[in-house]
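Architecture and fold: a report
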Number of protein chains: 8
Amino acid sequence: LRRGFPEVVYCEGKTPEQSAQILIRLAETGEGPVLGTRAGREVFDLVRRTHPSFEYEELSRMVFLRRGIGSPKGQVLVIAAGTSDLPVANEAVLTLELMGARVEQMIDVGVAGLHRLLGQLDRLYQARVLVVVAGMEGALPSVVAGLVDQPVIAVPTSVGYGSHLGGLTPLLSMLNSCSSGVGVVNIDNGFGAGYLAAMINRMGE
Amino acid sequence: LRRGFPEVVYCEGKTPEQSAQILIRLAETGEGPVLGTRAGREVFDLVRRTHPSFEYEELSRMVFLRRGIGSPKGQVLVIAAGTSDLPVANEAVLTLELMGARVEQMIDVGVAGLHRLLGQLDRLYQARVLVVVAGMEGALPSVVAGLVDQPVIAVPTSVGYGSHLGGLTPLLSMLNSCSSGVGVVNIDNGFGAGYLAAMINRMGE
Amino acid sequence: LRRGFPEVVYCEGKTPEQSAQILIRLAETGEGPVLGTRAGREVFDLVRRTHPSFEYEELSRMVFLRRGIGSPKGQVLVIAAGTSDLPVANEAVLTLELMGARVEQMIDVGVAGLHRLLGQLDRLYQARVLVVVAGMEGALPSVVAGLVDQPVIAVPTSVGYGSHLGGLTPLLSMLNSCSSGVGVVNIDNGFGAGYLAAMINRMGE
Amino acid sequence: LRRGFPEVVYCEGKTPEQSAQILIRLAETGEGPVLGTRAGREVFDLVRRTHPSFEYEELSRMVFLRRGIGSPKGQVLVIAAGTSDLPVANEAVLTLELMGARVEQMIDVGVAGLHRLLGQLDRLYQARVLVVVAGMEGALPSVVAGLVDQPVIAVPTSVGYGSHLGGLTPLLSMLNSCSSGVGVVNIDNGFGAGYLAAMINRMGE
Amino acid sequence: LRRGFPEVVYCEGKTPEQSAQILIRLAETGEGPVLGTRAGREVFDLVRRTHPSFEYEELSRMVFLRRGIGSPKGQVLVIAAGTSDLPVANEAVLTLELMGARVEQMIDVGVAGLHRLLGQLDRLYQARVLVVVAGMEGALPSVVAGLVDQPVIAVPTSVGYGSHLGGLTPLLSMLNSCSSGVGVVNIDNGFGAGYLAAMINRMGE
Amino acid sequence: LRRGFPEVVYCEGKTPEQSAQILIRLAETGEGPVLGTRAGREVFDLVRRTHPSFEYEELSRMVFLRRGIGSPKGQVLVIAAGTSDLPVANEAVLTLELMGARVEQMIDVGVAGLHRLLGQLDRLYQARVLVVVAGMEGALPSVVAGLVDQPVIAVPTSVGYGSHLGGLTPLLSMLNSCSSGVGVVNIDNGFGAGYLAAMINRMGE
Amino acid sequence: LRRGFPEVVYCEGKTPEQSAQILIRLAETGEGPVLGTRAGREVFDLVRRTHPSFEYEELSRMVFLRRGIGSPKGQVLVIAAGTSDLPVANEAVLTLELMGARVEQMIDVGVAGLHRLLGQLDRLYQARVLVVVAGMEGALPSVVAGLVDQPVIAVPTSVGYGSHLGGLTPLLSMLNSCSSGVGVVNIDNGFGAGYLAAMINRMGE
Amino acid sequence: LRRGFPEVVYCEGKTPEQSAQILIRLAETGEGPVLGTRAGREVFDLVRRTHPSFEYEELSRMVFLRRGIGSPKGQVLVIAAGTSDLPVANEAVLTLELMGARVEQMIDVGVAGLHRLLGQLDRLYQARVLVVVAGMEGALPSVVAGLVDQPVIAVPTSVGYGSHLGGLTPLLSMLNSCSSGVGVVNIDNGFGAGYLAAMINRMGE
Ligand SMILES: Nc1ncnc2c1ncn2[C@@H]1O[C@H](COP(=O)(O)O)[C@@H](O)[C@H]1O
Ligand SMILES: Nc1ncnc2c1ncn2[C@@H]1O[C@H](COP(=O)(O)O)[C@@H](O)[C@H]1O
Ligand SMILES: Nc1ncnc2c1ncn2[C@@H]1O[C@H](COP(=O)(O)O)[C@@H](O)[C@H]1O
Ligand SMILES: Nc1ncnc2c1ncn2[C@@H]1O[C@H](COP(=O)(O)O)[C@@H](O)[C@H]1O
Ligand SMILES: [Mg+2]
Ligand SMILES: [Mg+2]
Ligand SMILES: [Mg+2]
Ligand SMILES: [Mg+2]
Ligand SMILES: [Mg+2]
Ligand SMILES: [Mg+2]
Ligand SMILES: [Mg+2]
Ligand SMILES: [Mg+2]
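Residues numbered from 1 in each chain as written. Chains lettered and ligands numbered in written order. Predicted model: local features only at pLDDT ≥ 70, side-chain atom pairs only at ≥ 80, totals over all residues. Heavy atoms only, no water.

Topic: the site of ligand 2
Note the following rule: Here a residue counts as near a molecule or strand whenever at least one of its heavy atoms sits within 4 Å of it. Under this definition, polar contacts are N or O atom pairs within 3.5 Å; protein pairs additionally need one hydrogen-donor-capable and one acceptor-capable atom, and for neighbouring residues in sequence, both atoms have to be side-chain atoms. In these tables, accessible area is a Shrake-Rupley quantity obtained with a 1.4 Å probe, and a residue counts as shielded only by the protein chains included in the view. Per the convention used, a helix needs a DSSP run of H or I reaching at least four residues, while a strand needs a run of E reaching at least two, with both numbered from the N terminus. We call Asp, Glu, Lys and Arg charged. Ala, Val, Leu, Ile, Met, Phe, Trp, Tyr, Cys and Pro are nonpolar, and the rest, Gly among them, are polar.
With respect to spatial proximity, the complete set of residues near ligand 2 consists of Tyr161(B), Ser180(C), Val8(D), Val9(D), Tyr10(D), Lys14(D), Thr37(D), Arg38(D), Glu91(D), Asn189(D) and Phe191(D). The environment of ligand 2 is shared, with nearby residues belonging to chains B, C and D. Tyr161(B) places a side-chain nitrogen or oxygen 2.4 Å from a nitrogen atom of ligand 2. Within the side chain of Lys14(D), one N or O atom sits 2.7 Å away from an oxygen atom of ligand 2. Compared with its free state, where it exposes 500 Å², ligand 2 has 76% of that area covered by protein. At 3 residues, the largest contribution of residues to the shell around ligand 2 is made by strand E1 (residues 7–10) of chain D. The residue makeup of the shell around ligand 2, split by class, is 5 nonpolar, 3 polar and 3 charged.

Structure follows, in structure tokens:
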């Protein structure tokens, strides 16, 4: 239906068989990319029997078919505060790629060591949109949005403990950002952030 | 600093004198638009003594100076579920206008009477970005994002009672939207939504 | 005691032996249907040794004896937003059937793809009562209740993640519905929804 | 549109002028009952200048026009745990009357003095539907639903203090009722309960 | 130190070895009863190697030494709403017995079937203190306290699901009881309830 | 009905006229004490016109009639952590007196200055029951219960700010006390604590 | 008792007369500084009648007597993210001064405009302890603690709206800081932060 | 970078390989102590293959290299309310040692048995800073801070059940302490408490 948007299946809460069946049907009826998020390895194993061109990304647990995407356009920067935020960041990156965006990544630039971020300001300025992934207190999107004039999509992660409340703390933090130009998505929702960022990135064409 | 961005003062928690003083200083040092949000009428009264070209919008409690804006660009649609959401919607509209966006409005199209929304699908498709303002259960952004392929900025409002929790219910609802392409801002944050939408709208130039 | 009501055992938090023993006693002392909810397969295995006419439904984990029910009466429509909501929807369907209601089902009609729902309005109008099962942001009951003039029983599910809060988000959403005519039951409580809907359906006789 | 349903305006968050204007328009364009909920006396004062047949109920703050209702049908019992729950109970009663239901009331039968409830079991059995309004710990709907075989619509109220949490405590209590056949509406939502009960009562015709 | 009080070890969060070691030391240094709560079977196995007179109660996971208790005094009634509340009720019963109280039990008398409770009012009146254990909506202590003139110790349990919130719902319910004479202890804290009830029961001597 | 228990009216959420009317009726039909809690001065003014022997206590806002009480029995100690807790403590004291208990008070003995408490241990030991009232972090009941072998009724107050959450913090603190023998009542519920303590105190006769 | 510590009265929840009386008694019995926090102007007016040397600070609502303090020692930096945080920051500053610390202030250096903070790094390095006051998302203490090697006392403020939850959002944010060396105090607790910082500052002598 | 501070890796949410790799790199590039917190035994096993001088502490799950620390300075007292709090207390102790502090420990001195604490007041007075670790209701830091004039770092633990809320109860309790001089860190954050206490202890040199 939507030109240039992948077909997406949210595999959590479905049996591997159900997920695989839907993914295969989408691969057979469409011509664009196909994506299964939150998919266990079993889903991948089932899918590639019929469609060997499907790929799997371990960390973010994504099954996908790169197809009919064209050369990457624009520029999106995905920033992850720490290495533990990588699964979520990867979900955003892959979603962006399947939606045709050129993607850059910047990792381990949390606010506890601000110089690592400040040393790469050029890369921040070059992006059309920025996806900022952070757990703990979720301060990074505020800092980044204060440095750039582009839209920032903030993704809280469930990385933390105690009063972190499974990610509610960085979520609330991001919603109350004192910097303007920040839109927030659900905890660990790398897919949603990538999807929205790709939509925005596309507008710059 | 930022070209085409208004100078903004958040007046809540400041005395009218403090707010007025900052607004006047900004009016005197800059050349672009100046905006004071959450400002009581006293702030306006103080400001216009010195600067009679400042205006005031009652519902959203905004004091502002339309200056150096240029002709409106692009197209942003601001949708409000009900009339009680108008103060927040107006905050978004005015922010968008001060940031140079062409703005359309659609009011009283809550999900309880879906035909009012479905009867105006054309207006939805014509926007580059949509700001959707809703209180109660906050279902409207999900429905709108399901109908369009453009970015949707969702704004929960504090309109409701009981288990509405001062707007937390529509906020959570919007963050858990089953539609893709939704970015969320804080409860009643019409300014933040307008600001982000204006940034995105600008990319279409 | 209650004519036409099944005898029901809530098996969660009981040992399989305890559950089985109560179910068998009910099967032996009564003449109507018997139902065990949230029952593991072990309960079924124990029960059918003595009573081979008991059945088991995997998805909703129900053990039951269809007995003394009579021909289905009235019309209840059970709507599930997505496939992941099926376990809860099935619990409602089976409860309704055991209580003598004629039941229809409609699946995968979430608000992200509204046309699927709007394309079947006739089926909505034909029901006396509607049970609407939804996770994520729980917007579906609002939309459905806005389209029909019959009572809607809303069931939030624990399908979701992050700020979904184990189903609290759709629960709150449903309680704050801007559509009138919605009664809400506990998260994942397909049984409770089916029971209440069957009571109401019966009144139309 | 809907035969036999009143036109309803939720007046909270609207100016008295706005509310009055909509109520007057509804009175002039329709032929059935008109209802304004959560309306201050100013709304009533404005409305009756043009339409002297409008009435006002102080406790529940309802402005209404009894018109085209017909003789009351069926039987609905509205039970209030205490006198402090009367504003909410009245909202339910008036809504029911405007929707054509015959209504009975039972007041001050909280669970702390169970004999007052048990002494009137006959009245409980005679109702087609029961609306049960309770604050504090919200135990009354569980007790009532355990005594009757008809649908119970439970309404938590904000009457209480401390860990009552503005009505969340009885709301949660009602959602977790160990009795079957209970549908719950939002805190203090007497209108919603009356509306749903009237819908169900009507099915008995 | 305290005459007639058992020595108590809370075994959760201790290794079986640590727990066993403390229990054995207490058995060797004192002459009264010794009690280990929340103890796995391993603790019991370790303890009885040295002290074969220790006993174990599976359901409540208590390791204990009945010693120096004397003949039971007074009368305490422990009421459990359902069979799933038995582990917590047993914890209360055993604690009471070790502290020298005569204990009676009443099970499966939840508010959904009030006649089972009302049929045994005599037993309620005969107790000096009542411990009432309930999960779900936690309405039982309110009902019981409304029927008797003695102190009621209310124990919420974690039996329930969804908006039950791990027992917070019955806890809040009990704290907001509309009946007077209710003291509340922590969720699942059968030991605490038994301890307090035993203290009170003792005063009647 | 209950010998030696006062007739009690909870005046919050009732109009002064309603409260006064009920209090007067109780004064005329009974022979024992009558008590109105959370009553404004207007209630008192209305009541004493007819019944000049009613008294009023400003701090706790109680209207009451000391009648048919007899000489005080037993010994209850009401401890308040700080002067701001006095309104709640007074509610407990007066309730106890009306129920025939001999009452002692100890004020300003919070855990920040433990020596003030430790210097009066004798008074602690002499009481049959202790009511401990505390806001802030609510640590006092734990400390007191650790020092005595009698039942402790803990009353959290809404005295505090920020993360005090209107008294939820000391409430939770008291429910999780590491000392045994503590029963908890609702936030600011001095009446409930006094009532329960009087019941227990009476058992020592 | 404590050498060099002021005598402190928390005036909230006390009548002006009570507060004034205690302050006057402290002024008369001691020789060091006296401090009343959260005091209305009435308290000051009452106190200075007897003791004209008391002073009042409007913003933080503090009544105090500078006496026996000695020359300021060490160096503490109090940072406030925005002007709305000044009342809380002032509370910390005055507390520090009364406890003998040399105090510096830095205002309006929120993370949305990081260059204002980075431009004054020298002042950060010169402090022995830093008190960082911030509302909104509360990111500032994380950023500051990442830049310095000294202890940071973080104070969340109630400045914000919507999902700010009266300051819980920055409180949680600060507790989950990814920077080490941060201790947190209660929302708006400028006094507590100043007190703790003064204690630490003193150790550097 | 920071003289005398260990290099620290937070191993939770990293694979053992990732953690080990970073720890080894830090051991090879630096000359001071290296610390891995929340590390499983696998991390230790991997690390010591290359660097046999690494050690492991089971209870707190810390991998560390004691190197370049110098003789212990100052005096810090780490107090744990119960044995179940030992894992968190140990995390604080080891962190302090690696940062060069002389550390003392005091265990099992919860407020339920205050005499055990009061019997060791001398040890309290001798410390420059105190770290107080407590679960349950978290009252211990208030009591300790009331007894001493030195800074107290309070650490809530997740030891408890029911309304303990995974440690939120003692966290809130500590933030609302009625004693002055308390700074709070996140639930179970022994490392953070030790780090801050070491910073403060160092100032006494
Ligand atoms: N990780 C994710 N988080 C949120 N939504 C998702 C995610 N992955 C897929 N979705 C959405 O879920 C929808 C698929 O749901 P389903 O029909 O259940 O497969 C797609 O339209 C996506 O927009
Ligand atoms: N007290 C109430 N609580 C919840 N919903 C209400 C209430 N009163 C009216 N409504 C609903 O609100 C709608 C009117 O909203 P509005 O269009 O803003 O006047 C009606 O369709 C009613 O269903
Ligand atoms: N199930 C329980 N819940 C709460 N407190 C308990 C429980 N069992 C034992 N306790 C208390 O915990 C203390 C023992 O703690 P410990 O010193 O860690 O063994 C005893 O003094 C008991 O009062
Ligand atoms: N248990 C802990 N809790 C909180 N923060 C920690 C903990 N252990 C280490 N850290 C901090 O986390 C940082 C290391 O994070 P990472 O770069 O992900 O290894 C260090 O700078 C420490 O300050
Ligand atoms: Mg920016
Ligand atoms: Mg869309
Ligand atoms: Mg409808
Ligand atoms: Mg029933
Ligand atoms: Mg009673
Ligand atoms: Mg005790
Ligand atoms: Mg630092
Ligand atoms: Mg101290």
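Once you've had a look at it, read on.
Here we look at the sheet that holds strand E4 (residues 62–65) of chain G
All names here are of chain G. Which entries qualify depends on this criterion: Paired strands, as defined in this entry, are two strands with at least two bridges between them according to DSSP. Helix axes are fitted to C-alpha atoms over the stretch in contact, other axes to C-alpha atoms as well, and angles between N-to-C directions run from 0 to 180 degrees.
One open sheet holds the 4 strands; their spatial order is E1-E2-E4-E3, and the pairing between them is mixed. The outermost strands of the open sheet, each flanked by one partner alone, are strand E1 (7–10) and strand E3 (55–57). On average, each strand axis in the sheet is inclined to that of its neighbour by 15°, with strand direction left out of account. Looking at chain direction, strand E2 (residues 34–37) and E4 are connected through 3 bridges and run antiparallel.

With respect to the relation of the copies chain A and chain B
The condition is simple: A least-squares fit on C-alpha atoms brings the copies together, and the residues used are those whose pLDDT is at least 70 in both copies. Any two residues whose heavy atoms approach within 4.5 Å at even a single point are treated as in contact.
Superposing chain A onto chain B requires a rotation of 180° together with a translation of 0.0 Å along the rotation axis, leaving an RMSD of 0.0 Å. With respect to symmetry, the two chain copies, as superposed, fit the operation of a two-fold axis. Residue by residue, 100% of the interface of chain A is reproduced at the interface of chain B, so both copies engage with the same surface.

A closer look at the confidence of the model for chain A
Heads up, the rule is: In predicted models, pLDDT denotes the confidence assigned by the predictor to each residue on a 0 to 100 scale.
Chain-level pLDDT for chain A is 96 on average; 99% of the residues reach the 70-or-more range. This prediction of the complex comes with two scores: 0.96 for pTM and 0.96 for ipTM.

A short note on unusual backbone geometry
Positive phi values are uncommon outside glycine, yet Asp108(G) reaches one of about 65°. We note that Arg61(H) has phi near 55°; this positive angle belongs to a residue other than glycine. Checked against the element boundaries, Arg61(H) lands in the loop between strand E3 (55–57) and strand E4 (62–65).

Observations regarding the site of ligand 4
Lining the immediate environment of ligand 4, one finds Tyr161(A), Ser180(G), Val8(H), Val9(H), Tyr10(H), Lys14(H), Thr37(H), Arg38(H), Glu91(H), Asn189(H) and Phe191(H). The environment of ligand 4 is shared, with nearby residues belonging to chains A, G and H. For ligand 4, a nitrogen atom lies 2.6 Å from a polar atom in the side chain of Thr37(H). Here ligand 4 loses 76% of its free accessible area of 500 Å² to cover by the protein chains. For the shell around ligand 4, the leading source of residues is strand E1 (residues 7–10) of chain H, giving 3 residues. For the shell around ligand 4, the residue count by class is 5 nonpolar, 3 polar and 3 charged.

Focus on the interface of chain A and chain B
Rule in force here: Each of two parts loses accessible area, computed with a 1.4 Å probe, when they are put together; buried area is these two losses added. A pairing counts as a salt bridge when a side-chain nitrogen of Lys or Arg comes within 4 Å of a carboxyl oxygen of Asp or Glu.
Listed as interface residues are 29 residues of chain A and, on the opposing side, 29 residues of chain B. Carbon and sulfur atoms supply 62% of the area that chain A and chain B bury against each other, a total of about 2,300 Å² over both sides. Seen at the junction of chain A and chain B, the total is 0 salt bridges. Counting every contact that joins chain A to chain B gives 3 residue pairs in polar contact (both at pLDDT 80 or more). The set of elements that each furnish at least two residues to the side of chain A that touches chain B consists of helix H6 (140–147), helix H7 (168–175), strand E9 (182–184) and helix H8 (190–203) of chain A. It is H8(A) that provides the largest number of residues to the side of chain A that touches chain B, a total of 7 residues. Split into classes, the residues belonging to the side of chain A that touches chain B amount to 17 nonpolar, 9 polar and 3 charged.

Some thoughts on the packing of aromatic side chains
Residue and element names in this part refer to chain D. Note the threshold: Between rings of Phe, Tyr and Trp, where Trp is taken as its six-membered ring, a pair exists when centres lie within 6.5 Å; planes separated by under 30 degrees are stacked, by over 60 edge-to-face, and by other angles tilted. Only protein chains enter the accessibility calculation, which uses a 1.4 Å probe; a residue whose area is less than 20% of its type maximum is buried, one above 50% is exposed, and one in between is partly exposed.
Taken as a whole and assessed by the stated rule, the structure comprises 32 aromatic pairs over all chains. Ring geometry for phenylalanine 44 against tyrosine 56: centres 5.3 Å apart, planes inclined by 10°, an arrangement best described as stacked. With phenylalanine 44 in helix H2 (residues 41–50) and tyrosine 56 in strand E3 (residues 55–57), the pair connects residues that are 12 residues apart, well separated along the chain. Here the two residues phenylalanine 44 and tyrosine 56 agree in accessibility, since each one is buried.

Some details on the interface of chain A and chain G
Often, the extent of an interface is quoted as the loss of accessible area on bringing the components together. On the side of chain G, 22 residues touch chain A, which itself brings 22 residues to the contact. When the buried area of chain A at its contact with chain G is split by residue, Glu137(A), Asn176(A) and Cys178(A) rank highest and sum to 29% of it. Connecting chain A to chain G are 0 salt bridges. The tally of links from chain A across to chain G stands at 10 residue pairs in polar contact (both at pLDDT 80 or more). The biggest single contributor to the side of chain A that touches chain G is H7(A), with 4 residues. Its residues placed into classes, the side of chain A that touches chain G shows 12 nonpolar, 9 polar and 1 charged.

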